Amino acid sequence: MGVFRLRPLTILTVALAATAPGCSQFTSLVERNSQAEAAGDNSYSQKLVQFGEDPVASETPSDPEQRRDSLFLTKARLSLADGDEETAAKLLDSILESNPDYSEASHLLGVLRARAGDVEAADRHFQAALKADSENAQLNCDYGYFCYLTDRWDDAERYLARATGIDPALKEAQTNL
């Protein structure tokens, strides 16, 4: 087996960093990942080498529709990293047409709609994501921050507190709270 190195976390964190300006959590994720890589921490890459298989490939859904949705989500994140919000939104909308309960797509669309100033659509997408995945700390944090930005103080406090309850180490929620 040859040794190969992938940096999927870099792609993911850069894509996430592009999804919500004003949220320090995304910048800190990129900084932490970059610092770890600069310090030679390639633990994810090492896991790939350790067993000779790609853990991401082993997590690929067998259902063709789920594979398509997973691929579209990845493409949407990469589009966001490239600053192409229009393409990202189209891909995410396409996912939700076939799978309306896909929380990650709803979450990212909520962020995109919030950035575009479409408060009603953003709220609708955040609510759909929370309905499907209410225990997602980052989602609760992002929705709490959205509520804060839209002057819904009680909701902001509730969702940010919920995020810290789910993941006490999520500093962004603590900071925004």
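Our subject is the structure that appears above.
About the thresholds
- Residues numbered from 1 in each chain as written.
- Predicted model: local features only at pLDDT ≥ 70, side-chain atom pairs only at ≥ 80, totals over all residues.
- Heavy atoms only, no water.
- Core = buried A, V, L, I, M, F, W, Y, C linked by side-chain atoms within 4.5 Å.
- Buried < 20%, exposed > 50% of the residue type's maximum accessible area, 1.4 Å probe, protein only.
- Helix = DSSP H or I, 4+ residues; strand = E, 2+ residues; numbered from the N terminus.
- Expected span 1.5 Å × (residues − 1).
- Contact = heavy atoms within 4.5 Å.
- Polar contact = N/O pair within 3.5 Å; in protein donor to acceptor, adjacent residues only side chain to side chain.
- Salt bridge = Lys/Arg side-chain N within 4 Å of Asp/Glu carboxyl O.
- Axes fitted to C-alpha atoms, helices over the stretch in contact; angles between N-to-C directions.
- Parallel < 35°, antiparallel > 145°, perpendicular 65-115°, else oblique.
- Left-handed = near helix turned anticlockwise from the far one by under 90°.
- Nonpolar A, V, L, I, M, F, W, Y, C, P; charged D, E, K, R; others polar.
- Phe/Tyr/Trp six-rings, centres within 6.5 Å; stacked < 30°, edge-to-face > 60°.

So, about the nonpolar core. It is characteristic of soluble globular proteins that their nonpolar side chains tend to be buried jointly. Residues Leu-73, Leu-92, Ile-95, Tyr-102, Ala-105, Leu-109 and Leu-112 are the most contacted members of the largest nonpolar core, which totals 15 residues. Of all the elements in the fold, those that place two or more residues in this core are helix H5 (64-81), helix H6 (85-98) and helix H7 (103-115). With six residues, the single largest contributor to this core is H6. If you look at the next biggest cluster of nonpolar residues, it comprises 11 residues, including Phe-126, Tyr-143, Cys-147 and Ala-156.

With 14 residues, helix H10 (residues 153-166) should reach 20 Å at 1.5 Å per residue; the first-to-last C-alpha distance of 20 Å fits that figure. Contacts made by the buried residues of H10 are with helix H8 (119-132), helix H9 (137-149) and helix H11 (171-176).

Below, the discussion takes up the environment of Asp-123. The topology assignment puts Asp-123 in helix H8. Assessed through its relative accessible area of 21%, Asp-123 is described here as partly exposed. Residues Asp-123 and Tyr-143 lie 20 residues apart in sequence; the distance between their C-alpha atoms is 8.2 Å. A polar contact of 3.3 Å, which involves the side chain of Asp-123, links it to the side chain of Arg-152.

A few words now on the pattern of salt bridges. The tally for this structure, following the rule as stated, stands at nine salt bridges. With its nearest N and O atoms 3.3 Å apart, the salt bridge here joins Arg-152 to Asp-123. Pair noted here: Arg-152 is in the loop between H9 and H10 and Asp-123 is in helix H8, with a separation of 29 residues, a long-range link. Through salt bridges with shared partners, one network takes in Asp-123, Arg-152, Asp-155 and Arg-158.

A negative phi angle characterises most non-glycine residues, just as the trans form characterises most peptide bonds. Positive phi, close to 60 degrees, is recorded for Asp-151, a residue that is not glycine. Among the structural elements, Asp-151 can be located in the loop between H9 and H10.

Moving on: the packing of H7 against H9. Each pair of packed helices gets described by two things: the angle between the helix axes and the distance between those axes. Packing of H7 against H9 brings their axes to within 11 Å, and their N-to-C directions diverge by 20 degrees. Considered as vectors, H7 and H9 are oriented roughly parallel to each other. The chirality of how H7 crosses H9 is left-handed. Counted together, His-107, Val-111 and Ala-114 of H7 and Gln-138, Leu-139, Asp-142 and Phe-146 of H9 form the full contact between these two elements. For the contact of H7 with H9, the residue count by class is four nonpolar, two polar and one charged.

Tallying each qualifying case throughout the model produces six aromatic pairs. On the basis of an interplanar angle of 25 degrees and a centroid distance of 5.9 Å, the ring pair of Tyr-143 and Phe-146 is categorised as stacked. Here Phe-146 and Tyr-143 lie together in helix H9, a separation of three residues that amounts to about one turn. You can call Tyr-143 buried: its relative accessible area is 1%. Judged by relative accessible area, Phe-146 falls into the buried class, the value being 5%. Ring geometry for Tyr-143 against Tyr-159: centres 4.7 Å apart, planes inclined by 85 degrees, an arrangement best described as edge-to-face. Taken together, the positions of Tyr-143 in helix H9 and Tyr-159 in helix H10 put the pair 16 residues apart, joining distant regions of the chain. Take Tyr-159: its relative accessible area is 13%, and that puts it in the buried class. Among the aromatic residues, ring-to-ring pairing joins Phe-126, Tyr-143, Phe-146 and Tyr-159 into one connected group.

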